[in-house]
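Listed below are the residues making up each chain.
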Amino acid sequence: MAWIIGIIAIMLFLSLMVASEAFRNFIFFLIALAVVSGFLIYKHNENEDKKSKERIGFNDVILQNVVLITEYSSYKLQGNLKNISKYNLSEITFRVRIYDCPTQEPADLKTCNIIGDNTGTDWINVPPNQIRAFDINFYFSNMPILKGKLVWNYDIVGTKGTE
């Protein structure tokens, strides 16, 4: 029954589009209004996203007790972070690299081979001057069998802050 009402509504709409110039102009006006509104909303959101990425510098995040744990087929980076900015930290992105190093403690990572490199994001809410725990899963595909010692490091590569 509902599909019959739908077909009748479409037929009525099309007949009004053909018969009435005022109706056509009204529909074209609504379409133009929707396109312009959509564009303005998109630009506003794009601008707000750019501002949020600039609010909290990497130096405004203090990391504590960061460890990389093996979990089944993935790795988990976890620890605590303190937000020392004046904004709420809403998102943090890390880059983790895994190295195969020839010696126990490499003096320089240039002697090591990178066997895993990936980024991961944690959507977290950390108000100013507070500490929260974080954990992010990382998947490293096609890693070769180690020939030496596994060494890893991480960097913060992105933050987002809200007011």
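What you see is a predicted model; the values in this text were computed from it and never measured.

1. Quick notes on the overall build of the protein
The helix and strand inventory of the protein stands at two helices and six strands. Listing every helix and strand of the protein by position from the N terminus yields α-α-β-β-β-β-β-β. At 27 Å, the protein has a C-alpha radius of gyration far larger than the 15 Å of a compact globule built from 163 residues. C-alpha extents for the protein along the principal axes are approximately 85 × 40 × 30 Å. The buried share of the protein, taken over its 163 residues, is 28%. For the protein, contacts bridging at least 24 residues in sequence account for 69% of all contacts bridging at least 6. With an accessible surface of roughly 11,200 Å², the protein has 59% of that area assigned to carbon and sulfur atoms.

2. Quick notes on the packing of helix α1 (residues 2-19) against helix α2 (residues 21-54)
It is the contact of α1 with α2, at a shortest axis distance of 5 Å, that shows an interaxial angle of 110 degrees. Of the possible angle classes, the one that applies to α1 and α2 is roughly perpendicular. On α2, the residues touching F13, L16, M17, V18 and A19 of α1 are E21, F23, R24, I27 and F28. Looking at the contact of α1 with α2 residue by residue, the classes come out as eight nonpolar, no polar and two charged.

3. Notes on unusual backbone geometry
Here the phi dihedral of N129 falls at roughly 60 degrees; this positive angle occurs in a residue that is not glycine. With respect to the helices and strands, N129 occurs in the loop between β4 (113-126) and β5 (130-138). By relative accessible area, which is 56% here, N129 ends up exposed. The phi angle at N142 is positive, at roughly 60 degrees, despite the residue not being glycine. Counting through the fold element by element, N142 comes out in the loop between β5 and β6 (149-162). Overall, N142 belongs to the exposed group, its relative accessible area being 77%.

4. Some thoughts on the packing of aromatic side chains
All told, the structure shown has five aromatic pairs when counted by the stated rule. Taken together, a centroid distance of 5.6 Å and an interplanar angle of 70 degrees make the contact between Y75 and F140 edge-to-face. Residue Y75 is found in strand β2 (residues 74-83), and its partner F140 is found in the loop between β5 and β6; the two are separated by 65 residues along the sequence. Of the two residues, Y75 and F140, both sit in the buried class.

Rules used throughout
Residues numbered from 1 in each chain as written. Predicted model: local features only at pLDDT ≥ 70, side-chain atom pairs only at ≥ 80, totals over all residues. Heavy atoms only, no water. Helix = DSSP H or I, 4+ residues; strand = E, 2+ residues; numbered from the N terminus. Rg over C-alpha atoms; globule rule 2.2 N^0.38 Å. Buried < 20%, exposed > 50% of the residue type's maximum accessible area, 1.4 Å probe, protein only. Contact = heavy atoms within 4.5 Å. Areas by Shrake-Rupley, 256 points an atom, 1.4 Å probe, with all protein chains shown as cover. Axes fitted to C-alpha atoms, helices over the stretch in contact; angles between N-to-C directions. Parallel < 35°, antiparallel > 145°, perpendicular 65-115°, else oblique. Nonpolar A, V, L, I, M, F, W, Y, C, P; charged D, E, K, R; others polar. Phe/Tyr/Trp six-rings, centres within 6.5 Å; stacked < 30°, edge-to-face > 60°.

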